[in-house]
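# Architecture and fold: a report
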Amino acid sequence: MSKSVEVTTRGTSVVENLVAAPILRTLAAYFTEAGYELYLVGGSVRDALLHRPTHDLDLATDAHPPVIKRLLAQARPDSRYDVGEKFGTIGATFGEWVVEVTTYRSEEYAFASRKPAVTFGTSLEEDLSRRDFTINAIAQEPATGGMLDPFHGLQDLQRGLIRAVGDPAERFREDPLRMLRAVRFAAELGFRIDPTTRAALELQAGALEHVSTERIAAEMTRLLVADQPALGLEALCDTGLAAYVMPELLPLRSTGQDGRHKDVFGHTLKVVENVPATPILRWAALLHDIGKPRTKTIQDGKVHFFRHEMVGARMARKILRRLRFDRDSSERIQRLVAEHLRPNLYTPEWTDGAVRRFLRETEGITDDLFALSRADITSYRRSRVEAGVARVNHLEARCRELQAQEDVAKLQSPLDGNDLMTMFDRGPGPWIKPIKDYLLELVIDGELAQDDRKSAVKLAQNFANQNPEVFGE
Ligand code: ATP
Ligand code: MG
């Protein structure tokens, strides 16, 4: 390749990142020997350049799928899978590395198409010109580390810019999902969207309507679990995409609330960033106050959102159904929305019974609920935040204490009365209790497992031998 030059970004050569994957050199050797090209492309080059940890190796080649399969097999992978042989992608794992090799693509719909076959391209340049953003259209030669960067993606990486390859309007027309990907990459990388690309995106936002719900939902989840979800959510609303992804978000912006944040949206963004980055928690955070715009009332100059959590849970259900969420995730998110106020209502006066009721009613989501409640305290006053977090922590501590007690209460001797009667060939009588108590003590002390009947028989026998008085003899 003529443009092979050694490039450094943010001070470090990419090549050194690749040393971590000797499998890359092995594969490159096999492909070269067989007369084919092999390049590291797309997300893996981008992430290596940004020093983002990755275990994915995206590779592009002029070899067709049957050949890719054969060459991958030669390298003895731990497992092999077809990502979509029809689409020209074959995957394999080598230890910690997930390798996906794709035949060069040529046609513009290759990434979005549901057609049974894509048109294969003949050159790397052609393949790169079909990719969405310049930062995703950089290739690297594994053997030499030489870079191929026809769209100046390296420069955009350095500037922190998301810019479409070629004409953005055309790119978005071909596959409108790319608009949502742009916003998601902004959230993941903390990048800005290039003004020309952004202008096209704002003009064409409505085309998102033609994208399948599943692809939209998957992108949204990735946006939410990104490092800077607020950046992505702001862009989602500012560009007009939100109207097609989740119109329910828009009224959050114009719904003011007392004190802390000027609107519900600002508060929501904070909560999303505060919770740990799991899909369930991030979605629950996004939706936790979704019912506020519909329930807002003002009484005596004070803002109220009566029962917004219940209205919100119902709205969450509708939204998640529309996005075709699986039932289990959807139910967890709805329950989190419905219960999100509860831990913050806790006071030390709660009886053990009240804490137990809380535990029963939040079964399966209790820990997530604590995380959401802690995140939901976004006051600017530090003392308030600390008091709020302490309150949730106290409830959590009491829950753990009760659970531990209950677990202890459930402990049993591995042998019950019937077992002992059979074992000692005796009828019922007061002799049973001391032996059972002895075994239970051992279980409580952790010296005997509850299900270790064999040891229990031996121990019971020894105990009886040493304490014949239990039989009244
Ligand atoms: P990540 O894996 O973090 O999502 P990625 O960039 O690797 O990031 P993938 O969806 O794995 O994203 O796609 C791999 C590469 O394929 C991208 O870097 C990009 O070059 C190209 N690509 C993926 N989807 C599209 C699309 N819809 N339009 C154009 N190119 C795409
Ligand atoms: Mg990828």
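This text gives an overview of the structure that appears in the document. Please read all numbers here as calculations on a predicted model, not as lab measurements. Each chain has its residues counted from 1, running along the sequence as written. All chains are assigned letters beginning at A, and all ligands numbers beginning at 1, according to the order in which they are written. The predicted origin of the model limits local features to residues at a pLDDT of at least 70 and limits the giving and counting of side-chain atom pairs to 80 or more, whereas totals for whole chains, interfaces and linings rest on all residues. The basis for the side-chain values is all heavy atoms of the structure; hydrogens and waters are excluded.

### Focus on unusual backbone geometry
Rules: Think of it in three bands: residues with accessible area under 20% of the maximum for their type are buried, residues over 50% are exposed, and the middle band is partly exposed, with areas taken using a 1.4 Å probe on protein chains only. Strands are runs of DSSP state E lasting at least 2 residues, helices are runs of H or I lasting at least 4, and numbering of each runs from the N terminus.
The phi dihedral of Arg 76 is positive, around 50°, even though this residue is not glycine. On the accessibility criterion, Arg 76 (70% relative accessible area) is exposed. Although it is not a glycine, Asp 300 sits at a positive phi angle of roughly 50°. With respect to the element layout, Asp 300 can be found in the loop between strand S12 (296-299) and strand S13 (302-305).

### Points about the pairing of strand S7 (residues 97-103)
Spelled out, the test is: What makes two strands pair is DSSP finding at least two bridges between them.
The buried fraction of S7 is high, at five of seven residues. Summarising the sheet, strand S4 (residues 56-61) and S7 pair through six bridges and their orientation is parallel. Looking across to S7, one finds that Thr 61 is bridged to Thr 103. In this sheet, S7 lies alongside strand S6 (residues 89-94) in antiparallel orientation, the contact comprising six bridges.

### A word on the site of ligand 1
The test is simple: One heavy atom within 4 Å of a molecule or strand makes the whole residue count as near it. Polar contact criterion, stated in full: a pair of N or O atoms within 3.5 Å, where within protein one must be able to donate a hydrogen and the other to accept it, and residues adjacent in sequence count only if both atoms are side-chain atoms. All accessible-area figures derive from a Shrake-Rupley calculation using a 1.4 Å probe, and residue coverage is judged against the displayed protein chains alone. Note on residue classes: Ala, Val, Leu, Ile, Met, Phe, Trp, Tyr, Cys and Pro are nonpolar, Asp, Glu, Lys and Arg are charged, and everything else, Gly too, is polar.
Neighbouring residues of ligand 1: 16 residues in total, closest Arg 46, Asp 175, Arg 178, Arg 184 and Arg 222. At 2.4 Å, a side-chain N or O of Arg 222 approaches an oxygen atom of ligand 1. Against a free-state accessible area of 580 Å², the protein chains account for coverage of 81% of ligand 1. Put simply, the parts of the chain that give the shell around ligand 1 at least two residues each are helix H3 (42-49), helix H8 (177-189) and helix H10 (213-224). No other element matches the four residues that H8 contributes to the shell around ligand 1. A per-class count over the shell around ligand 1 returns two nonpolar, three polar and eleven charged.

### Things to note about the packing of aromatic side chains
The condition that has to hold: Note on aromatic pairs: the rings of Phe, Tyr and Trp (six-membered ring only in Trp) are paired at centre separations within 6.5 Å, and the planes decide the class, stacked below 30 degrees, edge-to-face beyond 60, tilted for the rest. For a ring to carry a charge above it, either NZ of a lysine or CZ of an arginine must fall within 6 Å of the ring centroid while also lying within 35 degrees of the normal to the ring plane.
This structure, assessed with the given rule, holds nine aromatic pairs. Measuring from centroid to centroid gives 6.1 Å for Phe 133 and Phe 185, while their planes differ by 80°, and the two rings are edge-to-face. Separated by 52 residues along the polypeptide, Phe 133 in the loop between helix H5 (124-129) and strand S8 (139-140) and Phe 185 in helix H8 bring together distant segments of the chain. Seen in terms of ring centroids, Phe 358 and Phe 370 are 5.8 Å apart; in terms of plane orientation they differ by 35°. Their pairing is tilted. Of this pair, Phe 358 sits in helix H19 (residues 352-361) while Phe 370 sits in helix H20 (residues 366-375), and the two are twelve residues apart along the sequence. With a relative accessible area of 0%, Phe 358 lands in the buried category. Take Phe 370: its relative accessible area is 1%, and that puts it in the buried class. Taken together through their ring pairs, the aromatic side chains of Tyr 346, Trp 350, Phe 358 and Phe 370 make up a single cluster. Its guanidinium or amino end placed over the ring of Phe 185, Arg 184 lies 4.4 Å from that ring's centre, counting from NZ or CZ.

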